[in-house]
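As a plain string of letters, each chain reads:
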Amino acid sequence: MRLKFLIIGIFFVLLFFIFGIFLVKEKQMNEIELRSTPQWRNLEKNYKELKKVHLRDLFKDENRFCEFSVRDNDLGLTFDYSKNIINSCTFRLLMDFVKAAKVNECARKMFSGEKINWTEQRAVLHTALRNRGNKSVYVDGEDVMPKINAVLEKMKKFSNDLRSGEWRGATGKKITDIVNIGIGGSDLGPRMVCEALKYYADGPNVYFVSNVDGVDICDVLKKLNRETTLFIVASKTFTTIETITNALTARRWITNKLGDSAVVKHFVALSTNAKKVKEFGISENNMFKFWDFVGGRYSLWSAIGLPIACYIGFDKFVELLEGAYYMDQHFLNSPYEKNIPVIMAALGFWYNNFFGASTYAILPYSKYLHKFPAYLQQVDMESNGKTINFEGNRVNYETGPIIWGEAGTNGQHSFYQLIHQGTKFIPCDFIGFINPLEKVGDHHEKLMANYFAQPEALAFGLTKDEVIGNLRKAGISSSEIELLTPHKTFDGNKPTNSILINKLTPRTLGALIALYEHKIFTQGVMWKINSFDQWGVELGKVLANVILLDLKGETDNKHDSSTSGLIKIFKSNKN
Ligand code: F6P
């Protein structure tokens, strides 16, 4: 009898103990400072070992490519991350970190409409905009899918009518040119996609005006005919000063010659703010809605995608959504170890937080993707450029990196020198396509030879001995060899990811964009920050409004001596 009680007693003590460990672990990721968690500490230890290792050594393992790459046959996409400074242990520890951060649980909250943007009390549902499975998604008890589908239908009709000539300008002429007026997320996404999918374009010409610098709109208007031009005014808030200023200039340009009644045939609005759209003079019929649960930088899948639908046709716009939906499912349902956005996020975190890499380069080997780095700058830096964590405390670790880049091979003839031989440590993503859009001679082989060569050169470099050997073979004198060798040596050991896709299509582009969106989301969760607000852009906007009145002579506000000095020079030298 006693023994029985003893066994039951031991059993409960053990249970208590296990439960206790579980609670402490939970607490560690949620409440204890991130850098003190066992997951972070383990990575720190691993980093101390890995920083002494060269990719040349890691690649002695012939199986490395198989171990550290993911192929998705359906999408025709290979993600090779073998040229990263990691071993199997690093990878396991990074995945442990992701697990402890509960990335999948957080993603499910986002997809299901929970208000994860807690500083603005908003759901984050760009994924619902491309929810091709059409499963209900609820916000405040309302299924958002019917209204999303209704706007898609409206976009379909409008883009079809515009392209077919059913929709005509005020004087009865077919619309041949569209001008999208917007900035930030209301510009960069649709602009990047239109550029990327230019090959598929068979609709009207599309221009983008974003800058409040008057030359932006003037340059575009100079090329256009009022009777055949349609303006799309894209602004989530419809209060953004740059956009409204440009839209007013465009409206004057139309009404001066065609009269006020022409506005209805030459202006449409994409916005969440019906009141302001109406005040501007655009009727509700010409308004394409989206909602607060769509962040500006994540909005190209919403009504903000209207210029894309007009440019390449609605069916191809849907293919773009389908590609993104495919990546959404991959992100939600693949195990972390095979999950491309999660792996990319974890690697970025590895370099950002352990190797001290403060910048990250995006290098697409496709002329048409030349706007992709600029687009990602907003998505990544506006999302993860934050210092305050979930608990409202300042973080004591690095968060979002500086994103930059350029299309290959142009970048090679510009800044690659610094990546190869400079003192900065810059992880890079190389994006390339197996099949070209235009088959011209051996252009594509030449482009792709560079796409393969650069990561190889960055990883393996050129040793001193190799340099000396090469110079000797070229018949260079010993004194010159001595002089040149340090300059011609490449340390290598520069990490890269290679994303190799069968072809640039609306579907693969949709998947590629969603891949980066989810990478950014995952990193936000790992850093415990809110990736979906952007308070950091407010202060400058407020001050600009105050200074505008000073410049116009309506006020004379007191500023610091530098700002006041500059304003004074501006005013006294202005013609
Ligand atoms: O200033 C930053 C920002 O608020 C972005 O987040 C947004 O994409 C952009 O301005 C444009 O805002 P809106 O679409 O409301 O004009």
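Placed above this text is the structure.
Residues numbered from 1 in each chain as written. Predicted model: local features only at pLDDT ≥ 70, side-chain atom pairs only at ≥ 80, totals over all residues. Heavy atoms only, no water.

Enquirer: Help me out: how do you make sense of the overall build of the chain in this one?
Expert: A count of helices and strands for the chain gives 24 helices and 13 strands. By principal-axis analysis of the C-alpha atoms, the chain measures approximately 90 × 90 × 60 Å. Going through the 575 residues of the chain one by one, you find that 50% of them count as buried. Of the contacts formed within the chain by residues at least 6 apart in sequence, a portion of 75% connects residues at least 24 apart. Within the structure as shown, the chain displays about 27,400 Å² of accessible surface, and the carbon and sulfur contribution to it stands at 55%. Averaging the locations of the 72 positively and 62 negatively charged side chains of the chain gives two centres separated by 2 Å. (Helix = DSSP H or I, 4+ residues; strand = E, 2+ residues; numbered from the N terminus. Buried < 20%, exposed > 50% of the residue type's maximum accessible area, 1.4 Å probe, protein only. Contact = heavy atoms within 4.5 Å. Areas by Shrake-Rupley, 256 points an atom, 1.4 Å probe, with all protein chains shown as cover. Lys, Arg positive; Asp, Glu negative; His and termini not counted. Charge placed at Lys NZ, Arg CZ, Asp CG, Glu CD.)

Enquirer: I would appreciate a short explanation of the pairing of strand β13 (residues 496-501) in the present structure.
Expert: Two faces make up the sheet, and in a regular strand the side chains alternate between them. The element β13 is extensively covered by neighbouring structure, given that 6 of its 6 residues are classed as buried. Here β13 shows a buried face lined by Thr496, Ser498 and Leu500 and a second buried face lined by Asn497, Ile499 and Ile501. Summarising the sheet, strand β2 (residues 77-80) and β13 pair through 4 bridges and their orientation is antiparallel. By the bridge assignment for β13, Leu77 is matched with Ile501. (Pairing = 2+ DSSP bridges.)

Enquirer: Explanation requested: the nonpolar core in the structure shown.
Expert: Note that soluble globular proteins tend to have their nonpolar side chains buried in a common cluster. Counting residues in each nonpolar core, the largest one holds 129 residues, and the members touching the most others are Trp350, Phe372 and Ile499. No other element matches helix α22 (residues 506-527), which puts 12 residues into this core. Shared between two domains, this core holds at least three residues of each, these being domain 1 (37-101 + 334-460 + 494-533) and domain 2 (141-314). Val220, Phe231, Ile244 and Ile282 belong to the second-largest nonpolar core, a separate cluster that totals 24 residues. (Core = buried A, V, L, I, M, F, W, Y, C linked by side-chain atoms within 4.5 Å. Domains from an automatic or database assignment.)

Enquirer: What's the story with the site of the ligand in this structure? I'm lost.
Expert: Among the 14 residues in the neighbourhood of the ligand, the closest are listed as Ser186, Ser235, Thr237, Thr240 and Glu382. One of the backbone nitrogen or oxygen atoms of Gly185 is found 2.7 Å away from an oxygen atom of the ligand. Within the side chain of Lys541, a nitrogen or oxygen atom sits 3.3 Å from an oxygen atom of the ligand. Taken by itself the ligand offers 390 Å² of open surface, and the protein chains cover 87% of this. (Near = heavy atom within 4 Å. Polar contact = N/O pair within 3.5 Å; in protein donor to acceptor, adjacent residues only side chain to side chain.)

Enquirer: Just to check I follow, could you spell out the packing of aromatic side chains for this structure?
Expert: We describe a pair of aromatic rings using the distance from one ring centre to the other and the angle between the two ring planes. Inspection of the entire model under this criterion finds 39 aromatic pairs. With centroids separated by 5.2 Å and ring planes inclined at 70°, the aromatic side chains of Tyr351 and Phe355 adopt a geometry described as edge-to-face. Judged by its relative accessible area of 17%, Phe355 falls in the buried class. Taking 6.2 Å as the distance between ring centres and 35° as the angle between the ring planes, the aromatic pair formed by Phe521 and Phe532 counts as tilted. You can see Phe521 sitting in helix α22 and its partner Phe532 sitting in the loop between α22 and α23 (538-551), a full 11 residues away along the chain. (Phe/Tyr/Trp six-rings, centres within 6.5 Å; stacked < 30°, edge-to-face > 60°.)

Enquirer: Looking at this structure, how should I read the environment of Val137?
Expert: Take Val137: it is sitting in the loop between α7 (126-129) and β3 (138-139). For Val137, a relative accessible area of 8% puts it in the buried group. Taking the C-alpha atoms as reference points, Val137 and Thr127, separated by 10 residues in sequence, lie 9.9 Å from one another. Every residue in contact with Val137, bar those within four places of it in the chain, is listed here: Phe111, Ser112, Gly113, Leu125, Ala128, Asn131, Glu142, Asp143, Val144 and Met145.

Enquirer: Quick question: what am I supposed to make of helix α11 (residues 241-258) here?
Expert: Spacing of three or four residues puts side chains on the same side of an α-helix, whose turn is 3.6 residues. Taking 1.5 Å of rise per residue, the 18 residues of α11 would be expected to cover 26 Å, and the 25 Å separating its terminal C-alpha atoms lies within 8% of that figure. Buried within α11 are the following residues: Thr243, Ile244, Asn246, Ala247, Ala250, Trp253, Ile254 and Thr255. Following α11 by one or two positions, Gly259 adopts a phi angle in the positive range, close to 85°. (Expected span 1.5 Å × (residues − 1).)

Enquirer: For this particular structure, what's the right way to read the packing of helix α15 (residues 314-333) against α22?
Expert: Packed helices, taken two at a time, are described by their axes: the angle between them and the distance between them. Contact pair α15 / α22: the axes reach a minimum separation of 7 Å and the direction vectors enclose 40°. Judged on the interaxial angle alone, α22 and α15 are oblique. For α15 against α22, the interelement crossing comes out right-handed. Touching Lys316, Glu319, Leu320, Gly323, Ala324, Tyr326, Met327, Asp328 and Phe331 of α15 are Pro506, Arg507, Leu509, Gly510, Ala511, Ala514, Leu515, His518, Phe521 and Thr522, all from α22. Taken together, the residues of the contact of α15 with α22 break down into 11 nonpolar, 4 polar and 4 charged. (Axes fitted to C-alpha atoms, helices over the stretch in contact; angles between N-to-C directions. Parallel < 35°, antiparallel > 145°, perpendicular 65-115°, else oblique. Left-handed = near helix turned anticlockwise from the far one by under 90°. Nonpolar A, V, L, I, M, F, W, Y, C, P; charged D, E, K, R; others polar.)

Enquirer: Explanation requested: the sheet that holds strand β11 (residues 402-405) in the structure shown.
Expert: Hydrogen bonds along the backbone pair up the strands of a sheet, which may run parallel or antiparallel. Sheet architecture is open: 6 strands sit in the order β1-β2-β13-β12-β10-β11, paired in mixed fashion. Each edge of the open sheet is held by one strand with a lone partner, namely β1 (69-72) and β11. Across the sheet, the mean angle separating the axes of adjacent strands is 15° when strand polarity is ignored. Of the pairings in the sheet, the one linking strand β12 (residues 428-433) to β13 comprises 6 bridges and is parallel in character. Its bridge partner being in β13, Ile431 is matched across the sheet by Ile499. Against the sheet, helix α17 (residues 372-384) touches β10 (359-364), β11 and β12, its axis set at about 175° to β11.

Enquirer: Before we go on, may I ask you to explain the packing of helix α2 (residues 38-50) against helix α5 (residues 88-101) in this structure?
Expert: Put simply, α2 and α5 touch, their axes get as near as 9 Å, and they point 160° apart. By the angle class used here, α2 and α5 are roughly antiparallel. Where α2 crosses over α5, the handedness of that crossing is left-handed. Contacts from Gln39, Trp40, Asn42, Leu43, Asn46 and Leu50 in α2 reach Cys89, Thr90, Leu93, Leu94, Asp96, Phe97 and Ala100 in α5. Partitioned by chemical class, the residues of the contact of α2 with α5 number 8 nonpolar, 4 polar and 1 charged.

Enquirer: Just to check I follow, could you spell out the pattern of salt bridges for this structure?
Expert: Pairing is possible between side chains of opposite charge, provided their charged atoms come close. In this structure the tally under the stated criterion is 24 salt bridges. A salt bridge links Glu279 to Lys275, with the shortest nitrogen-to-oxygen separation between them at 3.5 Å. Taken together, the residues span about one helical turn, with Glu279 and Lys275 both in helix α13 (residues 274-280) at a distance of 4 residues. Considered together, Glu279 and Lys275 belong to a single accessibility category, that of exposed residues. Residue Lys528 is joined to Glu391 by a salt bridge in which the shortest nitrogen-to-oxygen separation is 3.5 Å. Linking Lys528 in the loop between α22 and α23 with Glu391 in the loop between α17 and β11, this pair joins segments that are 137 residues apart in sequence. Relative accessible area serves as the criterion here: at 36%, Glu391 is assigned to the partly exposed category. One continuous salt-bridge network, built from bridges that share partners, spans Glu120, Arg122 and Asp292. (Salt bridge = Lys/Arg side-chain N within 4 Å of Asp/Glu carboxyl O.)

Enquirer: Please explain the sheet that holds strand β7 (residues 229-234) as it appears in this structure.
Expert: Read from one edge of the open sheet, 5 strands run β6-β5-β7-β8-β9, paired in parallel fashion. Pairing within the sheet leaves two strands with one partner each, and these edge strands are β6 (205-209) and β9 (287-289). Direction aside, neighbouring strands of the sheet carry axes that sit 20° apart on average. Here strand β5 (residues 177-181) pairs with β6 via 5 bridges, running parallel. Residue pairing in the sheet places Ile178 in a bridge with Val206 of β6. Against the sheet, helix α10 (residues 214-222) touches β5, β6 and β7, its axis set at about 160° to β6.

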